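Here are the chains, one letter per residue:
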Amino acid sequence: MTHVKRLAVCSFTLAAALLGAAPGAADTDRKAHSYYIVSAPLTDVLSVITRDTGVDVDFDADTVPYVTSSSINGTGHELIDALTRQFNLSQFEFNGRVYLSAADDQQTRIIANEARTSAEIREAVEQSGIDLTRFKVSETANPNAIVLTAPAKLVGIVEALVASLPADPTARRGKEIVVMRGI
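K.L.:
I would appreciate a short explanation of the overall build of the protein in the present structure.
P.N.:
Across its full length, the protein carries five helices and eight strands. When the helices and strands of the protein are listed from N to C terminus, the series reads α-β-α-β-β-α-β-β-β-α-β-β-α. The buried share among the 183 residues of the protein stands at 39%. When the accessible surface of the protein is summed, it comes to about 10900 Å², and 53% of that surface belongs to carbon and sulfur atoms.

K.L.:
Teacher, can you tell me more about helix H5 (residues 152-163) here?
P.N.:
Each α-helix turn comprises 3.6 residues. Residues three or four places apart therefore point the same way. If you check H5, its first and last C-alpha atoms are 16 Å apart, about what twelve residues at 1.5 Å a residue would give, namely 16 Å. Those residues of H5 that sit buried are Leu 154, Val 155, Ile 157, Val 158, Leu 161 and Val 162. Looking straight down H5, one finds its buried side chains confined to an arc of 165°; they lie on one side. Buried residues along H5 sit against strand E4 (89-94), strand E5 (97-102), strand E6 (106-112), helix H4 (118-127) and strand E8 (145-151).

K.L.:
Looking at this structure, I do not really get the nonpolar core. What am I missing?
P.N.:
In globular proteins that are soluble, nonpolar side chains generally tend to be buried together. With 20 residues, the main nonpolar core has Leu 42, Leu 83 and Leu 100 as its most contacted residues. Put simply, the parts of the chain that give this core at least two residues each are strand E1 (33-41), helix H2 (42-53), strand E2 (56-60), strand E3 (66-74), helix H3 (76-86) and E5. Once you skip the residues sitting within four places of it in the chain, Leu 83 turns out to touch Leu 42, Val 45, Leu 46, Ile 49, Ile 72 and Leu 89. Counting residues in hydrophobic clusters, the runner-up holds 19 residues, among them Val 125, Ile 130, Phe 135 and Ile 157.

K.L.:
I tried to follow the environment of Arg 30 on my own but got confused; where do I start?
P.N.:
On the secondary structure map, Arg 30 appears in the loop between helix H1 (2-19) and E1. Measuring from C-alpha to C-alpha, the distance between Arg 30 and Thr 53 comes to 8.2 Å, with 23 residues separating the pair along the chain.

K.L.:
Before we go on, may I ask you to explain the sheet that holds strand E7 (residues 136-139) in this structure?
P.N.:
By definition, the strands of a sheet pair up through backbone hydrogen bonds, in either a parallel or an antiparallel sense. Reading across from one edge, E6-E8-E7 is the order of the three strands in this open sheet, with antiparallel pairing throughout. Each end of this open sheet is capped by a strand with a single partner; those strands are E6 and E7. On average, each strand axis in the sheet is tilted by 20° relative to the strand beside it, whichever way the strands run. Across seven bridges, the pairing between E6 and E8 is antiparallel. From the neighbouring strand, Gln 106 faces E8, where its bridge partner is Pro 151. Contacting E6, E7 and E8, H4 crosses the sheet at an angle of about 40° to E8.

K.L.:
What am I meant to see in H3 here?
P.N.:
Burial in H3 covers these residues: Gly 76, Leu 79, Ile 80, Leu 83 and Thr 84. Down the axis of H3, the buried side of the element spans an arc of 140°, and every buried residue falls inside it. Lining the buried residues of H3 we find E1, H2, E2, E3, E4 and E5. Directly after H3, the chain includes Asn 88, whose backbone phi takes a positive value near 50°.

Scoring rules and cut-offs
- Residues numbered from 1 in each chain as written.
- Predicted model: local features only at pLDDT ≥ 70, side-chain atom pairs only at ≥ 80, totals over all residues.
- Heavy atoms only, no water.
- Helix = DSSP H or I, 4+ residues; strand = E, 2+ residues; numbered from the N terminus.
- Buried < 20%, exposed > 50% of the residue type's maximum accessible area, 1.4 Å probe, protein only.
- Areas by Shrake-Rupley, 256 points an atom, 1.4 Å probe, with all protein chains shown as cover.
- Expected span 1.5 Å × (residues − 1).
- Arc of directions from axis to C-beta.
- Contact = heavy atoms within 4.5 Å.
- Core = buried A, V, L, I, M, F, W, Y, C linked by side-chain atoms within 4.5 Å.
- Pairing = 2+ DSSP bridges.
- Axes fitted to C-alpha atoms, helices over the stretch in contact; angles between N-to-C directions.

Now the structure itself:
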């Protein structure tokens, strides 16, 4: 069996080298690539796509599925989107890196910042380049918090981002009473 696995991975690598760019040459994700995968772990497929297209991918899952008898084509992001749909993965992008994980490996956390409202927290996360529309975000009784259900890495990034938000200089302060005497 070990011999068959190695042969399948070699076949995939050979097919990728013949159909895609030369090994080690990364382009800007504008060029379409075509692959026929005989049998290979998803991690190997992603590493070849990363090598050929230049798209930076971080894959995090407890079990690695096998890609068998599949044909995929498109730009780097289109290839990753196709694999995301095929294997029911969660995907998000932050700072030029695409993060993939199993869709059922998600966490739910309450993320709060006493200086910001929940709408301001959402806006700050969106401005950082994270698209929250793919994940469940809801309100709490606390007007300064959101509830986020997402992959563990995304939850960690959002928690760090929200914790690093500076205090809002236009935030309401206590009422000031000015007493003028002698007028």
